[in-house]
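Okay, here's what each chain looks like letter by letter:
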Number of protein chains: 2
Amino acid sequence: MKKSPEVSNAVIARLPKYYSLLISLREKGMKKISSTQIAECLGYSPSQVRQDFSCFGEFGQHGYGYDIDNLIKNLAHLLDLDRNHNMVIIGAGKLGQAIAHHQLYKKNNIHVKALFDIKEGIKSPDCPVYTMDKLGSFIKENDIDVAMIATDADSCQKIIDDLYALGIRKVLNFVEIDVITPPGMTVLNINVMEGLYILFFKSLMK
Amino acid sequence: MKKSPEVSNAVIARLPKYYSLLISLREKGMKKISSTQIAECLGYSPSQVRQDFSCFGEFGQHGYGYDIDNLIKNLAHLLDLDRNHNMVIIGAGKLGQAIAHHQLYKKNNIHVKALFDIKEGIKSPDCPVYTMDKLGSFIKENDIDVAMIATDADSCQKIIDDLYALGIRKVLNFVEIDVITPPGMTVLNINVMEGLYILFFKSLMK
DNA sequence: TAGATTGTTAATCGATTAACAATC
DNA sequence: TAGATTGTTAATCGATTAACAATC
């Protein structure tokens, strides 16, 4: 399901902002919204909002604006949020257990099915923990399509390659090393130290 | 210590990449490097590397390239990494405890001095945990300049305002809500759900 | 119909790349 | 000196903003 030729990273980075905003406005009971209102909430320009949406289709009505429900449906489809995602977490230490419980998973149809660790006997509340040798069969039997990695640096690349071999194509990686992404796989890195660097730099600039 | 008029976010986002790369090359024993080599490692263009550095000064030598040690010193200074940082973590649940232990803090002169939580009696390995009422005096007495927040959504804004009142100006926030940043404070948000959204979208585009 | 707001084209702005003089 | 590579200026490319016809 390839999208219109190329969507710039700048646009991609804004999509989650639009989506989160609209969800929270809908929760407050709003039914319609204009590009100007969206722009105000997010600090963008109204043109940019319309330009961004126009990468994907025509979601509004001339002279009216956007029906929030409809816009959310369209964005949810773009972000692949209009279906279930079953997830495993590799690494059942404190970080793995922490990211296994996220208040927003349920709202987004994301289900953490299990954690995996090389160590035996780890327990985590509300979620089974298995040893790594069970990973292959578990992925097959539970229709897993996405994984998070929260192991140590040494095992990370091997785990990515193993997940790839097992058919996983979406990985959110919390391990702060440079990994080689197999072709066709999408790996997104969450990098805390990089965040600190940027925080320090921006703070110094003020 | 205000930097040259305005450094674009695009440049800022690349600074940690340069820094991390150079640190790892130095560990491998490399002494010098050219803009072309840096560009190859990071997937940038050589012009961009030189253009980026030129925002801050002249770090290289004509006809030679960059002395890695010297370049690291310059970047470390830009990123405020050439001095100690003392940090507290607010929220001593699994996430707070996980982010309290990060292999790279030591290398970067970042010291996690304590965790704080509303609950009493929480223990964390290698790091004291105090109740919130001790926060003010602890920050004063331990020369704390940076905080991470890993609490629940409800208390996050109040904690930011409290930290501000206590003189903290650098915050890395793991709580996924929109916060109001007091003027002069720098808050950087780590947002896992946004990461998942972008992961899903990019994966769908392939 | 008049008013409002979209979707899109054109104009502007900023970031990246190319080119090259300076120089080690 | 000849070769290499920087720092910087100019050219190009892409993203944002402005303008406006289309239309609900």
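Residues numbered from 1 in each chain as written. Chains lettered and ligands numbered in written order. Predicted model: local features only at pLDDT ≥ 70, side-chain atom pairs only at ≥ 80, totals over all residues. Heavy atoms only, no water.

Visitor: Before we move on, can you summarise the protein's contact with DNA strand D with the specific residues and values?
Guide: As a structural note, the neighbourhood of DNA strand D is formed by 24 residues, with Gln51 of chain A together with Ser35, Arg50, Gly60 and His62 of chain B the closest of them. A share of 60% is what sugar and phosphate atoms reach among the atoms of DNA strand D within 4 Å of the protein. Here a base nitrogen of DNA strand D sits 3.0 Å away from a polar atom, N or O, in the side chain of His62 of chain A. Interatomic distance of 3.2 Å between a side-chain N/O atom of Glu58 of chain B and a sugar or linking oxygen of DNA strand D. Elements represented by at least two residues in the surface near DNA strand D include exactly helix 1 (9-27) and helix 3 (46-53) of chain A together with helix 3 (46-53) of chain B. When residues in the surface near DNA strand D are grouped by element, the largest group, four residues, is from helix 3 of chain A. A breakdown of the residues in the surface near DNA strand D according to their chemical character gives four nonpolar, 16 polar and four charged. (Near = heavy atom within 4 Å. Polar contact = N/O pair within 3.5 Å; in protein donor to acceptor, adjacent residues only side chain to side chain. Helix = DSSP H or I, 4+ residues; strand = E, 2+ residues; numbered from the N terminus. Nonpolar A, V, L, I, M, F, W, Y, C, P; charged D, E, K, R; others polar.)

Visitor: Summarise the interface of chain B and chain A; cite the residues concerned and give the values.
Guide: Counting residues at the interface gives 60 residues for chain B and 60 residues for chain A. Taken together, both faces of the contact between chain B and chain A bury some 5500 Å²; the carbon and sulfur share is 75%. At the surface where chain B touches chain A, the tally comes to two salt bridges. Here Lys17 of chain A ties to Glu194 of chain B by a salt bridge, and the two come within 3.2 Å at their closest N and O atoms. Connecting chain B to chain A are ten residue pairs in polar contact (both at pLDDT 80 or more). Secondary-structure elements contributing two or more residues to the side of chain B that touches chain A are helix 1 (9-27), helix 4 (68-78), helix 5 (94-100), strand 6 (146-149), strand 7 (170-173), strand 8 (186-189) and helix 8 (192-205) of chain B. Element by element, the count of residues in the side of chain B that touches chain A is highest for helix 8 of chain B, at 14 residues. A breakdown of the residues in the side of chain B that touches chain A according to their chemical character gives 37 nonpolar, twelve polar and eleven charged. (Contact = heavy atoms within 4.5 Å. Buried area = accessible area lost by both parts, 1.4 Å probe. Salt bridge = Lys/Arg side-chain N within 4 Å of Asp/Glu carboxyl O.)

Visitor: Give me the domain arrangement of chain A: which residues, what numbers.
Guide: According to the domain assignment, chain A contains domain 1 (9-78) and domain 2 (85-194). Computed from C-alpha coordinates alone, the two centres of domain 1 of chain A and domain 2 of chain A are separated by 31 Å. (Domains from an automatic or database assignment.)

Visitor: With reference to specific residues and values, describe the protein's contact with DNA strand C.
Guide: Taken together, the neighbourhood of DNA strand C is formed by 24 residues, with Ser35, Arg50, Gly60 and His62 of chain A together with Gln51 of chain B sitting nearest. Backbone atoms, meaning sugar plus phosphate, form 60% of the atoms of DNA strand C positioned within 4 Å of the protein. A distance of 3.1 Å is found between a phosphate oxygen of DNA strand C and a side-chain nitrogen or oxygen belonging to Arg14 of chain B. Gln48 of chain B places a polar side-chain atom, nitrogen or oxygen, 3.0 Å from a sugar or linking oxygen of DNA strand C. If you list the elements that add at least two residues to the surface near DNA strand C, you get helix 3 of chain A together with helix 1 and helix 3 of chain B. Looking at the surface near DNA strand C element by element, the count peaks at four residues for helix 3 of chain B. For the surface near DNA strand C, the class distribution of residues is four nonpolar, 16 polar and four charged.

Visitor: Can you lay out the relation of the copies chain B and chain A for me, pointing to particular residues and giving the numbers?
Guide: Of the two same-sequence chains, chain B is brought onto chain A (RMSD 0.0 Å, axial shift 0.0 Å) by a rotation of 180 degrees. Both chain copies can therefore be described as sitting about a two-fold axis. For chain B, the smallest separation between a C-alpha atom and the rotation axis is recorded for Lys94 of chain B, amounting to 2.7 Å. In this assembly the copies share their binding face: 100% of the residues contributing to the interface of chain B also contribute to that of chain A. (Least-squares fit on C-alpha atoms with pLDDT ≥ 70 in both.)

Visitor: Requested: an account of the sheet that holds strand 8 (residues 186-189) of chain A, with residues and values cited.
Guide: On the basis of which strands lie adjacent, the open sheet formed by six strands has the order 5-4-3-6-7-8 (chain A) and parallel pairing. For this open sheet the edge positions go to strand 5 (129-131) and strand 8 of chain A, each flanked by a neighbour on one side alone. In this sheet, adjacent strand axes meet at a mean angle of 25 degrees when their direction is disregarded. The sheet contact formed by strand 7 (residues 170-173) of chain A and strand 8 of chain A spans four bridges and is parallel. Within strand 8 of chain A, the residue paired with Lys170 of chain A across the bridge is Thr186 of chain A. Where helix 8 of chain B meets the sheet, it contacts strand 3 (85-90), strand 4 (110-117), strand 6 (146-149), strand 7 and strand 8 of chain A, and its direction lies at approximately 150 degrees from that of strand 7 of chain A. (Pairing = 2+ DSSP bridges. Axes fitted to C-alpha atoms, helices over the stretch in contact; angles between N-to-C directions.)

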